[in-house]
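Reading the structure
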Amino acid sequence: MKELKLMKGNEAIAEAAIRAGADAYFGYPITPQSEILEYLMAEKPHERTGMVVLQAESEVAAINMVYGGAACGRKVLTSSSSPGISLKQEGLSYIAGSELPCVVVNVVRGGPGLGTIQPAQSDYFQAVKGGGHGDYRLIVLAPQSVQEMADFVDLGFELAFKYRNPVMILTDGALGQMMEKVWLQEQKPRMKTFPEWATTGKTPDRERNVITSLDLDSAEQEKFNLKLQEKYRKLEAEEVRFEHTETEDAEYLLVAYGTSARICQKSVRLAREKGIKAGLLRPVTLFPFPKKPLMELAGKVKGILTVEMSTGQMVEDVRLAVECKVQVEHYGRMGGIIPTPEEIVDALGNNFLK
Amino acid sequence: MAENTGIKDIVKDENLVYQKTSVLTDNVMHYCPGCGHGTAHRLIAEVIEDMDIQSDTLGVTPVGCAVLMYNYLDIDMQEAAHGRAPAVATAIKRLMPDKYVFTYQGDGDLAAIGTAETIHACNRGENIAIFFINNGIYGMTGGQMAPTTLSGMKSSTSPYGRDVQMMGNPMKMTELVAQLPGTWYVTRQTVHTPASVRKAKKAIRQAFENQKLKKGLSLVEIVSNCNSGWKMSPVEANKWMAENMFPFYPPGDIKLEGKLVVKE
Ligand SMILES: Cc1ncc(C[n+]2csc(CCOP(=O)(O)OP(=O)(O)O)c2C)c(N)n1
Ligand code: SF4
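So, here's what we can say about the structure. (Residues numbered from 1 in each chain as written. Chains lettered and ligands numbered in written order. Predicted model: local features only at pLDDT ≥ 70, side-chain atom pairs only at ≥ 80, totals over all residues. Heavy atoms only, no water.)

Turning next to the overall build of chain A. Per the secondary structure count, chain A includes 13 helices and 15 strands. In terms of overall dimensions, chain A is globule-like: its C-alpha atoms have a radius of gyration of 21 Å, near the 20 Å expected for 354 residues. Reported as C-alpha extents along the three principal axes, the dimensions of chain A are approximately 75 × 50 × 40 Å. Restricting the contact set of chain A to residue pairs at least 6 apart, pairs at least 24 apart contribute 79%. Here chain A contributes 42 positively and 47 negatively charged side chains, and the mean placements of these two sets differ by 2 Å. (Helix = DSSP H or I, 4+ residues; strand = E, 2+ residues; numbered from the N terminus. Rg over C-alpha atoms; globule rule 2.2 N^0.38 Å. Contact = heavy atoms within 4.5 Å. Lys, Arg positive; Asp, Glu negative; His and termini not counted. Charge placed at Lys NZ, Arg CZ, Asp CG, Glu CD.)

In structure tokens, the structure reads:
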């Protein structure tokens, strides 16, 4: 049964994982996402669906547990926040290199280092450019509401299994801690059959299954890398997700995701009240990045301003996408400071209307 | 002997005393001649065959010389990042509690980069088996010092011998995890003589049998040689091992049925 609840973003993710029929969650506490593990422990999903929940000794162990479970063809997820995600990069590289599905939630906080527990978007590079060693990509989904926090868990698993690729839900401390109404989907049953590649025990009717990212033969290793790139191209062709706000007649375009995009919606209204024809493009998938719609809009607008809670990371992808067709600037706050709608309108004016 | 005598003329059904187990593939192992890894692999494969659990066994391989173990055992296997095998095996066992799950790890893997994963899997009492090959050195990367390298022992990164003042003491990982309540069976074995091979096989079998009891974790250390890393012939290496490794790493049971073995 679908259910309407008032929940924190972190709790919504946890409940959505149970309802998505996840087989296991492995995690380690870190603010601002500890409610995910806390909720799962309190909710006893083992009794509800048989889902395994385990607090690992570290993020390193947690992501390697995800790797082990994913190799068995199971729906496995983990969550963490920035410093913890840095520790998970080794495991993520192995998971990508072994072509395994999983969902990883990053509730970003300000860095670098121990930084702050307040929200930020400064892990964009790490999320969309690979993050660990080797040429690989994660599928990156960026929710802007508690509803999307919940919805993207199920979508994440769907994409992860379809492409045999790790999926990251890139969100931040504001969305993780924010309470909103959320429609929760019906409980899905857990999978009963597993992909043919999974290590579930070699039966006499098939060859042994081996999950590895090792190939000492350079020619084979290159072939494998080319195959991965092929997959990423397919993702770019088929899985780009984005949203427009007031872009039909826009003269100036804001580009923002997640919390920043939510704030930019207000900025668009404020700008229009002042007579500035602003619009917003919100990438929902950060990889694959919505290059085409950006290119189309670049031909129509006089300037683009990216708004990110970082020193300017996504702005590089926007510039690459529009290929110098139009001026692209960046406005951002850091250290856990969330920009106000007014600041953003001012930044638009300062960059393009002086 | 006639000129065209082949192996088939010598090995006949009536005089066959030993055969390769069907759980080993036909691939030629890459290990240096005389290395203990090959023997340890064979014993694990034989136990899986003897217990008839090929479909129910899942192995996790290390980073180290045994990284390619999955080429030799005809079972489903997963290759783990350096040191992380116990975490990987934890998840596999939690999701498939009725399967037999083992890790196979060298001392660099288990006692250096993977210390945390090893100790915590042991402490949680994960119902898995850990096979720990202790050759006192990093074999795969060319003979560097390991946590298990003996005091005074030469390696490529302790070329004048391990100076414990500077480099720390050799670590008895097996004794260490035996102290943890989660471990059920902890033993140290060797594979350098026919008698020790038979004992090691019994220990490996015990580790698999223990999984049926769901009592906790079994860790079987096998003190082995690395003739390449030690820069010795296989015969010299085994002699050196018995004289130098066994006094510090004495073979024998350390914990049985969850209780430390008391030695007089
Ligand atoms: C993260 C990481 N660090 C270092 C290495 C390099 N490396 C490969 S094998 C190895 C040592 C393995 O030694 P051991 O576990 O004792 O196994 P042996 O080769 O002796 O059987 C090292 C350091 C690696 N692959 N990954
Ligand atoms: S390097 Fe050492 S451990 Fe590795 S195969 Fe050769 S003898 Fe064995």
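Another aspect to go through is the site of ligand 2. In the vicinity of ligand 2, the contacting residues are Tyr-31, Cys-32, Cys-35, His-37, Cys-65, Asn-135, Gly-139, Cys-226, Asn-227 and Ser-228 of chain B. When grouped by side-chain class, the residues that make up the shell around ligand 2 number five nonpolar, five polar and no charged. (Near = heavy atom within 4 Å. Nonpolar A, V, L, I, M, F, W, Y, C, P; charged D, E, K, R; others polar.)

Counted according to the given criterion, the structure contains 41 salt bridges over all chains. For Asp-154 of chain A, the salt bridge identified is with Lys-188 of chain A, shortest N-O distance 3.0 Å. Linking Asp-154 of chain A in helix α7 (residues 146-163) with Lys-188 of chain A in the loop between β8 (179-184) and β9 (210-211), this pair joins segments that are 34 residues apart in sequence. Take Asp-154 of chain A: its relative accessible area is 14%, and that puts it in the buried class. What makes Lys-188 of chain A partly exposed here is its relative accessible area of 33%. Ionic pairing is found between Arg-94 of chain B and Glu-126 of chain B, a salt bridge with its closest N-O pair at 2.9 Å. Here the residue Arg-94 of chain B occupies a position in helix α3 (residues 85-95), and Glu-126 of chain B occupies one in the loop between α5 (115-124) and β4 (129-134), the gap between them amounting to 32 residues. (Salt bridge = Lys/Arg side-chain N within 4 Å of Asp/Glu carboxyl O. Buried < 20%, exposed > 50% of the residue type's maximum accessible area, 1.4 Å probe, protein only.)

We now examine the interface of chain A and chain B. Each partner contributes to the interface: chain A provides 34 residues, whereas chain B provides 35 residues. Taken together, the two surfaces of chain A and chain B that pack against each other cover about 2700 Å², and 60% of this comes from carbon and sulfur. Three residues stand out in chain A for area buried against chain B, namely Glu-57, Lys-202 and Arg-208 of chain A, and they jointly supply 24% of the buried area on that side. For the interface between chain A and chain B, the tally reads four salt bridges. Residues Arg-206 of chain A and Asp-76 of chain B are paired through a salt bridge, measuring 2.7 Å at the closest nitrogen-oxygen approach. Across the contact surface, chain A and chain B share 17 residue pairs in polar contact (both at pLDDT 80 or more). For the side of chain A that touches chain B, the residue count by class is 18 nonpolar, nine polar and seven charged. The sheet contact formed by β9 of chain A and strand β2 (residues 76-79) of chain B spans two bridges and is parallel. What sits directly across from Ile-211 of chain A, in β2 of chain B, is Gln-78 of chain B. (Buried area = accessible area lost by both parts, 1.4 Å probe. Polar contact = N/O pair within 3.5 Å; in protein donor to acceptor, adjacent residues only side chain to side chain. Pairing = 2+ DSSP bridges.)

Residue and element names in this part refer to chain B. The full set close to ligand 1 counts 16 residues, and His-37, Gly-108, Asp-109, Gly-139 and Met-140 are the nearest of them. One of the backbone nitrogen or oxygen atoms of Gly-139 is found 2.8 Å away from an oxygen atom of ligand 1. At the level of secondary structure, the elements contributing two or more residues to the shell around ligand 1 comprise α4 (107-113) and β5 (137-138). Counting residues per element, the shell around ligand 1 draws most heavily on α4, at four residues. Here the shell around ligand 1 is composed, by residue class, of six nonpolar, eight polar and two charged.

Bringing the pairing of strand β1 (residues 57-61) of chain B into the picture now. All names here are of chain B. In terms of burial, β1 is largely enclosed, as five of its five residues are buried. Across the two faces of β1 the burial is the same, with Thr-57, Gly-59 and Thr-61 and Leu-58 and Val-60 all buried. Across four bridges, β1 lies against strand β3 (residues 100-106) in parallel orientation. Residue pairing for β3: Thr-57 is matched across the bridge by Tyr-100. Strand direction decides the pairing type here: β1 and β2, joined by four bridges, are parallel. Among the inter-strand pairings, Val-60 is bridged to a residue of β2, identified as Gln-78.

Further remarks concern the sheet that holds strand β6 (residues 139-141) of chain A. Within a beta sheet, neighbouring strands are joined by backbone hydrogen bonds and run either parallel or antiparallel to one another. All names here are of chain A. Pairing is mixed in the open sheet, where seven strands are placed in the order β3-β2-β4-β5-β7-β6-β13. Two strands lie at the open edges of the sheet, namely β3 (52-55) and β13 (285-287), each paired on one side alone. Sheet twist, expressed as the mean angle between neighbouring strand axes with direction ignored, is 20°. By the bridge criterion, three bridges tie β6 to strand β7 (residues 166-172) in an arrangement that is parallel. (Axes fitted to C-alpha atoms, helices over the stretch in contact; angles between N-to-C directions.)

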